[in-house]
Amino acid sequence: MSVVNPDIGVLLVNVTLLALLFFVAIAIARLRSLFAIVMLTGAYSLISAMWFVAVDAVDVAFTEAAVGAGVSTVLMLGAMLLTARTARVEPNWKRLGPLAVCLVTGAVLIYATIDLPAFGDADSAANSHVGAMYLQRTAAEIDIPNVVTAVLASYRGFDTLGETAVVFAAGLAVSLLLGFGERSLSASHKPARANLKGVLVPSNKSDHHVVLRVVAKVLIPIVMIYALYVHFHGELSAGGGFQAGTIFAVAIVLYSLLFGITAALDAFPVIWARSIAAFGVLLYAGVGFWALMNGGNYLDYDFVLPPDDPDYGPEDANTWSQHVGIILIELGVLFAVAGSLISIFYAFAGRAPEIRDEDW
Amino acid sequence: MIAAATLALFVAVVLVLIRAFRGPSLYDRVLAVNVFGTKTVLIISVLGFLMGRPEFMDIAILYALINFVSIIAILKFFRYRSFQVGLTRAPKVPPRTGEGEA
Amino acid sequence: MFEFIGERYNYWMIIGLMMIGLYITFQSSNLIKRLTGLSIFQTSVFLFYVTLSKVNGGSAPILFGRDWKGQGKKAEAEAANGATGDAVATPYGGDGHGDAGAVGYGPVDGLYETYSNPLPHVLILTAIVVSVATLSLGLALIVRIREAYGSIESDDVARADLETALAEAADRDESEATA
Amino acid sequence: MAELLETLLSWFHVVREPVGGVLLVVGGLLAIVGAVGLLRFPDIYTRLHATSVTDTGAATLMIVGMILLSPTGWVALKLVFIWVFMFLANPTASHAIANAAYTAGMEPKIGPSGDTGEADR
């Protein structure tokens, strides 16, 4: 597939997409309907995923797609259900101070860009030392083609352990603030059907949503299988535990949206979500301790399956052992992310909305 | 050819974005963002061909699969003002309390 | 001049996005809108990192072609036969880019193809998932603020806090006066 | 028989790239037409009509074009998956939007043409 000149095409795509992002951000700043803001945030996420693809960051684009296409919109809407729908109008004079601060800061930052390396410079400091070393060594030391997964799971496993723990901690904190979704079991909740003006309309036939139910029954298992594909294909192509965990959580969210939170709590109880989140972090940390017990450093996967060799040391590359270690910690990431996001969703959805009509 | 198709898709995306900015009703915005999602699927696939490595189609598959989750969330948001009830009649589980639809 | 702008256009756009996010965070008194502004700010940092990782003529950092299939036993056998071809792979050799033609182009030493830098991708990939988790934490706090104060406008919250503090102070003065 | 197959295959390899390119461009133009409809039509229902019809059409054309252009069978298979999922999810989303708009009391614009629908903003 030879194209005219890949650089020119990619550069133009890059310029266009960044300009679109800029306009969407300005539109977000001008709106006051929170609902419209959430919608435009969805569009913003889609544009940035396209931009990530255009600048070769396919793994990042995958994560942005998994997060932006479902989870973040649903969470924002869930929070809006519990709070309000519009922002108050601000007097104009209140805008001047922030505007001045932002203009001055922006001018200073733009002045600083003169010293930054040019876009696409292969010899810049960021691109020439440790990043290049990962590219050179991955094939021989880890033996998987996806360098991003190799760096994520093996070379910088400490970072990833920290990030997994942060996701777990955030899920725990949300559950502590809002509950684990148990409230929905006790709340005798009657659904309010309302039109745009807040007038309740009587139930009619279209409430059964046959189309949505049938299509979702087909799609939810596919989404789950696709999550597993993304997970186990993550070493060969874009993907991995973070993306797969998010996609799995989206499947549960979809089920819960269509069949009600009670049905979802029956299908995937809260205790499972809590348990797999904790189990995932423990599995990740446990792999580190296992390597420690086998005589290596913490999270040194060469020592996950050390050969029976008295001379075996840190300088020996053991790609099979690396593979096993990466698969284990990716499983840990999958469990932690999926469990945390599902329990976050249950926390928001399980709370009965107490919204007042004047806020609606 | 591929470049021309990419350009056409970008023009379409800009037009759709204008509709998303202008509204006027909330459903117009929802519709615009939904159309934007399908255009994103196509753009990501075409970008793979444009850059010469079309094997990263997985992102487009993901969008094609789960892009309508947010649409269903919006539907529930406006119709029921709650994420708790199902869109259907109550499923065949022993009812705990007053769940499901009235 | 045109080249200078082309090389720094990304930075300027990203700074623009960052300032819009900062403006929304400062200006809006609605807490949910503030969080949106904060997430735009956050996204602009992601974009900045990924911009730095782009290499001209590069592709996604997933090994392909001769870099990947040439590895392992086949490559060792070829090396033993002395048939590795023109560019001899020297793993671990050098600390940067070879001088393959123009400055700022060409693959890393020891590789045949050009790739973008994988390291920023790793950092941002995890940061995106963390950002949605922290966003939900912020939203949960806002929900609790709404339940406690009945409003999610920060002005109202501050006013309610002030009134409560004044009332408490008045109570304390009263009780001290009676004691 | 085998000769016929061989001839067909050689023909296929000749026409693959031009036909794929033409399908891509036609699909892109159809996408633009749908977007213009979304922008210009007066109310939510006509806009839905414009986009949901052209969207699936444009997606089909472009995906068939890309299948013709794809270098390996895996890429073609993934494109087929995208097509199937879009055909499941896109009409569902359109249905959900139309249902939500209808039950929320959005009225279709009925009357002489020229009313752009922007008046009720």
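K.L.:
Help me out: how do you make sense of unusual backbone geometry in this one?
P.N.:
Where the residue is not glycine, phi is negative for most of them; where a peptide bond is considered, it is trans in most cases. All names here are of chain A. Unusually for a residue other than glycine, aspartate 56 sits at a positive phi of about 75°. Phi at aspartate 143 is positive, roughly 70°, even though this residue is not glycine. Looking at aspartate 143, the relative accessible area reads 28%, which means it is partly exposed.

K.L.:
Explanation requested: the packing of aromatic side chains in the structure shown.
P.N.:
Aromatic rings in a pair are described by how distant their centres are and how their planes are angled relative to each other. Counted by the stated rule, this structure contains 16 aromatic pairs over all chains. Both rings, one in Phe22(A) and one in Phe23(A), keep their centres 6.3 Å apart while their planes meet at 75°; by these two values the pair is edge-to-face. For Phe22(A), a relative accessible area of 23% corresponds to the partly exposed category. Look at Phe23(A) and you get partly exposed, because its relative accessible area is 47%. When the centroid spacing of 4.6 Å and the interplanar angle of 35° are considered together, the rings of Trp83(D) and Phe87(D) count as tilted. In this pair, Trp83(D) and Phe87(D) are both assigned in helix H3 (residues 73-103), four residues apart and thus about one turn of the helix distant. Grouped by ring-pair contacts, the aromatic residues Phe158(A), Phe289(A) and Tyr298(A) constitute a single cluster. The ring of Phe64(C) has Arg53(B) sitting right over it, with the charged end atom 3.8 Å from the ring centre.

K.L.:
Looking at this structure, I do not really get the interface of chain C and chain A. What am I missing?
P.N.:
Accessible area lost upon the coming together of the parts serves often as the stated size of an interface. Each partner contributes to the interface: chain C provides 91 residues, whereas chain A provides 111 residues. Summed over both sides, the interface between chain C and chain A buries roughly 9000 Å², with carbon and sulfur atoms accounting for 71% of that surface. Inspection of the chain C/chain A interface yields four salt bridges. Put simply, Arg351(A) and Glu147(C) hold a salt bridge, and the shortest N to O gap is 2.7 Å. Contributions of two or more residues to the side of chain C that touches chain A are made by helix H1 (2-27), helix H2 (31-53), helix H3 (66-69), helix H5 (118-149) and helix H6 (154-178) of chain C.

K.L.:
When you look at the side chain of Thr126(C) in this model, what are you seeing that I'm missing?
P.N.:
With respect to the helices and strands, the residue Thr126(C) is situated in helix H5. Residue Thr126(C) is classed as buried on the basis of its relative accessible area of 2%. A polar atom in the side chain of Thr126(C) sits 3.0 Å from the backbone oxygen of Leu123(C). Apart from the residues lying within four places of it in its own chain, the contact partners of Thr126(C) are Leu152(A), Thr160(A), Glu163(A) and Phe242(A).

K.L.:
I tried to follow the side chain of Thr149(A) on my own but got confused; where do I start?
P.N.:
Residue and element names in this part refer to chain A. Mapped onto the fold, threonine 149 is located in helix H7 (residues 147-155). Taking the relative accessible area as the measure of exposure, threonine 149 reaches 3% and is therefore buried. Those residues in contact with threonine 149, other than ones at most four positions away along the chain, are Ile144, Ser154, Gly234, Glu235, Gly239, Ile326 and Glu330.

The rules we used
- One numbering rule holds for all chains: residues counted from 1, following each sequence as written.
- All chains are assigned letters beginning with A, and all ligands numbers beginning with 1, in the order in which they are written.
- Residues qualify for local features only when their pLDDT is at least 70, as the model is predicted, and side-chain atom pairs are given and counted only at 80 or more; totals for whole chains, interfaces and linings, by contrast, use all residues.
- Hydrogens and water are ignored here; the side-chain numbers use all heavy atoms of the structure.
- Buried means the residue's accessible area, taken with a 1.4 Å probe over protein chains only, is under 20% of the maximum for its type, while exposed means over 50%, and partly exposed covers the values in between.
- Only rings of Phe, Tyr and Trp enter the pairing, Trp through its six-membered ring, and a pair is recorded when the two centres are within 6.5 Å. The plane angle decides the type: under 30 degrees is stacked, over 60 is edge-to-face, the rest tilted.
- Secondary structure elements follow DSSP: runs of H or I of four or more residues count as helices, runs of E of two or more count as strands, with numbering from the N terminus.
- Charges are assigned to positions over rings by a cutoff of 6 Å between ring centre and Lys NZ or Arg CZ, combined with an angular limit of 35 degrees from the ring normal.
- Here a residue-residue contact requires only that any non-hydrogen atoms of the pair lie within 4.5 Å.
- Buried area: the accessible area, evaluated with a 1.4 Å probe, that two parts lose upon being put together, summed over both parts.
- Salt bridges, as used here, are contacts in which a Lys or Arg side-chain nitrogen is within 4 Å of a carboxyl oxygen on Asp or Glu.
- Contacts described as polar in this section are N or O atom pairs within 3.5 Å, which, within protein, must combine one atom able to donate a hydrogen with one able to accept it, while residues neighboring in sequence count only if both atoms come from side chains.

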